[in-house]
Amino acid sequence: MASNDACLELLMRELSDVGEIHESVVAVIGRLRRGRLLRPPTSMAMLSRWCSHTASLLGGTSVVGKIAGAVLVKETVPQCEELIFSRHREAWCTSLLSALQPAAQQTAPASTADGSKGEGSKDEDSAGQLQLALQQAAALALAQVVSTAVGWPAQRREVTGCASRLVATLLPIIASPAGAHAGQLTALQALLQLARHNPPSLRQQRPALASAAVQLAMTAKPCVAQPAASLVGALPACAGGASFAEAWLASVQRLAVRAARLKPTARGLAAVPALRPVGLVSPPPCADRLMRPPTFVRARCRS
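Quick caveat, the model's predicted, so the values are computed rather than measured.

### Digging into the overall build of the protein chain
Then, number 1: Helices and strands together make up the secondary structure of the protein chain, namely 15 helices and zero strands.
Then, number 2: Among the 303 residues that make up the protein chain, the fraction classed as buried is 44%.
Then, number 3: In the protein chain, the share of contacts with a sequence separation of at least 24, taken over all contacts with a separation of at least 6, comes to 73%.
Then, number 4: Approximately 15,100 Å² of the protein chain is accessible, and the part contributed by carbon and sulfur atoms is 55%.

### Quick look at the nonpolar core
Nonpolar side chains tend to gather and get buried jointly when the protein is soluble and globular.
Then, number 1: Counting residues in hydrophobic clusters, the biggest one holds 78 residues, and the most contacted among them are Trp50 and Ile174.
Then, number 2: Sort the elements by how many residues they give to this core and helix H6 (residues 119-149) lands first, with ten residues.

### Remarks on helix H5 (residues 82-100)
The periodicity of an α-helix, 3.6 residues per turn, causes residues three or four places apart in sequence to face the same way.
Then, number 1: Between its first and last C-alpha, H5 extends 25 Å over 19 residues, near the 27 Å set by a 1.5 Å rise per residue.
Then, number 2: Taking the largest bend as the criterion, H5 deviates by roughly 50 degrees, centred on His88.

### With respect to the side chain of Thr148
Then, number 1: With respect to the element layout, Thr148 can be found in helix H6.
Then, number 2: For Thr148, a relative accessible area of 14% gives the class buried.
Then, number 3: If we skip the residues at most four places from it in the chain, Thr148 touches Val77, Pro78 and Phe85.

### Quick look at the pattern of salt bridges
Then, number 1: A complete count under the given rule lists four salt bridges for this structure.
Then, number 2: The partner of Arg49 in a salt bridge is Glu9, and the shortest N-O contact between them spans 2.7 Å. With Arg49 in helix H3 (residues 44-58) and Glu9 in helix H1 (residues 2-14), this residue pair connects regions lying 40 residues apart in the sequence.
Then, number 3: Arg49 gets classed as partly exposed once you look at its relative accessible area, which sits at 41%.

### Let's talk about the packing of helix H10 (residues 206-219) against helix H11 (residues 222-234)
Then, number 1: Their axes nearest at 8 Å, the elements H10 and H11 cross at an angle of 145 degrees. For H10 against H11, the interelement crossing comes out left-handed. Of the residues in H11, those in contact with Ala210, Ala213, Val214, Leu216 and Ala217 of H10 are Val224, Ala225, Ala228, Ala229, Leu231 and Val232.
Then, number 2: Looking at the contact of H10 with H11 residue by residue, the class counts come to eleven nonpolar, no polar and no charged.

### Things to note about H10
Then, number 1: Taking 1.5 Å per residue, 14 residues should reach 20 Å; H10 reaches 20 Å between its end C-alpha atoms and fits that length.
Then, number 2: Within the span of H10, buried status applies to Arg206, Leu209, Ala210, Ala212, Ala213, Val214, Leu216, Ala217 and Met218.

### Some details on the environment of Leu202
Then, number 1: When you line up the elements, Leu202 lands in the loop between helix H9 (184-197) and H10.
Then, number 2: For the pair Leu202 and Cys238, spaced 36 residues apart in the sequence, the C-alpha separation amounts to 6.2 Å.
Then, number 3: For Leu202, the contacting residues outside a window of four places in its chain are Val167, Leu191, Leu194, Ala195, Leu209, Leu235 and Cys238.

### Notes on the packing of aromatic side chains
Two descriptors summarise a pair of aromatic rings, namely the distance from one centre to the other and the angle between the planes of the rings.
Then, number 1: Applying the stated criterion to the full structure yields two aromatic pairs.
Then, number 2: Here Phe85 and Trp152 contribute two aromatic rings whose centre-to-centre distance is 5.2 Å and whose plane-to-plane angle is 50 degrees, an arrangement assigned as tilted. One end of the pair, Phe85, is in helix H5; the other, Trp152, is in the loop between H6 and helix H7 (153-158), and 67 residues separate them in sequence. Each member of the pair Phe85 and Trp152 is classed as buried.
Then, number 3: Taken together, the aromatic side chains of Phe85, Trp92 and Trp152 make up a single cluster linked through ring pairs.

Reading the values: rules and limits
- Residues numbered from 1 in each chain as written.
- Predicted model: local features only at pLDDT ≥ 70, side-chain atom pairs only at ≥ 80, totals over all residues.
- Heavy atoms only, no water.
- Helix = DSSP H or I, 4+ residues; strand = E, 2+ residues; numbered from the N terminus.
- Buried < 20%, exposed > 50% of the residue type's maximum accessible area, 1.4 Å probe, protein only.
- Contact = heavy atoms within 4.5 Å.
- Areas by Shrake-Rupley, 256 points an atom, 1.4 Å probe, with all protein chains shown as cover.
- Core = buried A, V, L, I, M, F, W, Y, C linked by side-chain atoms within 4.5 Å.
- Expected span 1.5 Å × (residues − 1).
- Bend = angle between axes of the 7 residues up to and from the residue.
- Salt bridge = Lys/Arg side-chain N within 4 Å of Asp/Glu carboxyl O.
- Axes fitted to C-alpha atoms, helices over the stretch in contact; angles between N-to-C directions.
- Left-handed = near helix turned anticlockwise from the far one by under 90°.
- Nonpolar A, V, L, I, M, F, W, Y, C, P; charged D, E, K, R; others polar.
- Phe/Tyr/Trp six-rings, centres within 6.5 Å; stacked < 30°, edge-to-face > 60°.

Right under this line is the structure:
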């Protein structure tokens, strides 16, 4: 116990210098995993201190520190016991929801005489990239918090509001045209985690999510199209038991309509086979037939 406690104490000291935290956080996570420092025999008091430290980073003023805090929360939460989780859940959720919100729009500085961006504009670009990285880290961390809470009924009820706000934030990102938002891949990853571990959290927004995911599955680059197709396959399970078959059929029909309207690209069609209903041993009757693109689409692809 003393050894684990001492190691966590040392890691917290390493993370205290926000100016260097971007260089140390990856190494810290590696040491947490190798040493299993967030598991017994680490004392409950030290675990609580560690969780408080991650919340402090999230609530700080440095964007880099907040990013590190979100990454550490994502790593910490799955290893928490319910008592520790319940103590720090509210602080984590509050800070992560705040980090998800876009920064206030600022007026862009005028270009220089030769049309190039000034130093101020370059600084804004850098700040914008950091803000996007923070939003992505916060989305993944909050999805992990919500997913972990599912194992404890009392905690699951407490994070219901957080889950709804997370989904509402991510929906416009994936509903944007393919490539229009740099955070689409991360948004899909977070939504997939919710679909697999907390399906009811997506139930209210399921139709809108399905429509947006189908669009990305057919038009986006493969790195985005594949998780989008996986989300289409996962969403029917969010409809509830009796509605599963109808929801799955509606998803397949939506995909077929989209394929008929768009000129399918190789990368879009490549994502289609990834569609599989989550939670079933085999697809519903006729699903294999419905999964195939319409006849004229297959003929066009062969030509």
